[in-house]
Amino acid sequence: MNEDDKRDAEMDALNARLEKLNAALRQREEEQLAKEAPPPERRGLSRALSVGLNAFSEFVGAVLVGGLVGWKADEWLGTKPWLMIVLLGLGIAAGFWNIYRVAKPQA
């Protein structure tokens, strides 16, 4: 056997070992990803909770802003309680619109 044949045999052995190690590494990475990923039902629950909390905060925020602006406008203009009632109603309507906007399915 000459020197080139020995070198080729060593390279073939190294390439085979490298492929085996790459396959083992890929398998280990896939196992690690499978352990880390939440099950599909947890992802659905997380999404539902996120949408629900977002819709709730949008609604409460709109109602509070409408009520506070109406209250301060009534104090400033001396029209108690009419502006607060009107703006609170508009805040509630905006809150429901926000719930609809947040909860509608994405196209």
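For the structure, see preceding data.
Residues numbered from 1 in each chain as written. Predicted model: local features only at pLDDT ≥ 70, side-chain atom pairs only at ≥ 80, totals over all residues. Heavy atoms only, no water.

1. A short note on the environment of Ser57
By the element assignment, Ser57 lies in helix α2 (residues 40-77). For Ser57, a relative accessible area of 42% corresponds to the partly exposed category. For the pair Ser57 and Glu36, spaced 21 residues apart in sequence, the C-alpha to C-alpha distance is 30 Å. Among the polar contacts listed, one links the side chain of Ser57 to the backbone oxygen of Asn54, at a separation of 2.9 Å. (Helix = DSSP H or I, 4+ residues; strand = E, 2+ residues; numbered from the N terminus. Buried < 20%, exposed > 50% of the residue type's maximum accessible area, 1.4 Å probe, protein only. Polar contact = N/O pair within 3.5 Å; in protein donor to acceptor, adjacent residues only side chain to side chain.)

2. Some points on helix α1 (residues 3-36)
The terminal C-alpha atoms of α1, which comprises 34 residues, lie 49 Å apart, in line with the 50 Å expected from a rise of 1.5 Å per residue. Backbone nitrogen of Asp4 and a side-chain oxygen of the N-cap are separated by 3.3 Å at the start of α1; the cap is Asn2. (Expected span 1.5 Å × (residues − 1).)

3. Considerations on the packing of aromatic side chains
Under the definition given, this model contains two aromatic pairs. Between Phe59 and Phe96, the ring centres sit 5.0 Å apart and the planes meet at 55 degrees, which makes this aromatic pair tilted. Of the two residues, Phe59 is situated in helix α2 and Phe96 in helix α3 (residues 82-103); the sequence distance between them amounts to 37 residues. The exposure class of Phe59 is partly exposed, given its relative accessible area of 21%. Seen from their ring centres, Trp97 and Tyr100 are 5.5 Å apart, and the 40 degrees between their planes marks the pair as tilted. Placement of both Trp97 and Tyr100 in helix α3 is noted, with a separation of three residues, approximately one turn of the helix. Since its relative accessible area comes to 53%, Trp97 is described here as exposed. The exposure class assigned to Tyr100 is partly exposed, which follows from its relative accessible area of 47%. (Phe/Tyr/Trp six-rings, centres within 6.5 Å; stacked < 30°, edge-to-face > 60°.)

4. Concerning the environment of Gly61
Position of Gly61 among the secondary structure elements: in helix α2. Look at Gly61 and you get partly exposed, because its relative accessible area is 28%. For Gly61 and Lys35, which are 26 residues apart along the polypeptide, the C-alpha to C-alpha distance reads 39 Å.

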